[in-house]
Amino acid sequence: MLKGLIFDVDGVITDSASYHLAAWRALATKLGIDLPAAADDQLRGRSRMDSLNVILRFGNQLNRYSSAKLNALAAEKNAMYQQLIVQMTPADILPGMLQLLKDARSAKLLLAVASASQNAPRILQQLGLITYFDAIVDPTALHKGKPDPEIYVAAQSLLKLNADEVISFEDASAGVAAIKAAGQFAVGIGDAQVLRAADYIVPDTRQLKLSAISTAFIRQQIASNDCQVD
Ligand code: G6P
Ligand code: MG
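Residues numbered from 1 in each chain as written. Chains lettered and ligands numbered in written order. Predicted model: local features only at pLDDT ≥ 70, side-chain atom pairs only at ≥ 80, totals over all residues. Heavy atoms only, no water.

> Mind laying out the pattern of salt bridges, listing which residues take part and the relevant values?
For side chains bearing opposite charge, pairing can occur when the charged atoms are close. Evaluation of the coordinates by the stated rule reveals nine salt bridges. The salt bridge partner of D171 is R44, with a shortest N-O separation of 3.8 Å. A residue pair is termed long-range when its members are at least 10 positions apart, and D171 in the loop between β4 (166–170) and α8 (173–181) and R44 in the loop between α2 (39–43) and α3 (48–58) qualify at 127 residues. Looking at D171, the relative accessible area reads 9%, which means it is buried. (Salt bridge = Lys/Arg side-chain N within 4 Å of Asp/Glu carboxyl O. Helix = DSSP H or I, 4+ residues; strand = E, 2+ residues; numbered from the N terminus. Buried < 20%, exposed > 50% of the residue type's maximum accessible area, 1.4 Å probe, protein only.)

> Give me the lowdown on the sheet that holds strand β1 (residues 4–7), citing residues and values where you can.
Sheet strands associate in pairs through backbone hydrogen bonding, adopting either a parallel or an antiparallel arrangement. Pairing in this open sheet of six strands is parallel, and the strands run β3-β2-β1-β4-β5-β6 from one edge to the other. One side of each edge strand has no neighbouring strand; the edge strands of this open sheet are β3 (135–136) and β6 (200–202). Relative to strand β2 (residues 110–113), β1 runs parallel, the two being bridged by four bridges. If you follow L5 over to β2, its bridge partner there is L111. (Pairing = 2+ DSSP bridges.)

> Quick rundown of the coordination of the magnesium ion (ligand 2)? Include the residues and the values.
Protein coordination at the magnesium ion (ligand 2): the donors are D8 (OD), D10 (O) and D171 (OD), at 2.0 to 2.2 Å from the metal. Considered as a linear motif, the donors of the magnesium ion (ligand 2) on their single chain read D-x1-D-x160-D. Of this pair, D10 sits in the loop between β1 and α1 (16–30) while D171 sits in the loop between β4 and α8, placing them 161 residues apart in sequence. D10 gets classed as buried once you look at its relative accessible area, which sits at 11%. (Donors = N, O, S within 2.8 Å, 3.2 Å for Na, K, Ca; no water.)

This is the structure we're talking about:
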């Protein structure tokens, strides 16, 4: 039975993913690295240091910097990013998302946040959404980043729910992989090809309707129960 929803933040609740990408691209340019468009999905959902490594790999600059320099580069990106998010307001909540959260609360579902971003609580505060959530995973307490399932397992545990009682929402292929590795039902928001491992895919948040998603979730549970009986 569906009891909870778990949300990524950047690119799911608000378009802060574009701010992350803009800040990373600015840093890459400074390092003389020309990032192809294909880098974008690889940067989504990854922790700050994993993202920096993605960029350095594109520029063949892995192993070029000391760990102190790597930390300084990551801090520089974060400073640029924080300058971009400071102006965020409730008007920046992606279309359909507030209604989804309200519908979920009315349906007595528990809500959690599973963002790799240390800035996520601040963003949720600025969007006026922080009180909607029963639990927020602290990404600094994790050992592995997405696509490892750890963050989604942690969110589910904070809600005291099982994997077959939650639906999780992601815009990144690494995030969908993390949800599926946690054994949860994945809703992918974005490119159907990139997010093809998800159980339910919509092109953008406007198409997120709790009733339709719950129906898909129930259908899949019935189908998998039938398989187990056979
Ligand atoms: C999210 C974003 C990534 C970002 C990561 C860390 O997962 O999708 O693009 O790199 O969080 O964010 P932070 O704000 O802690 O640097
Ligand atoms: Mg995301």
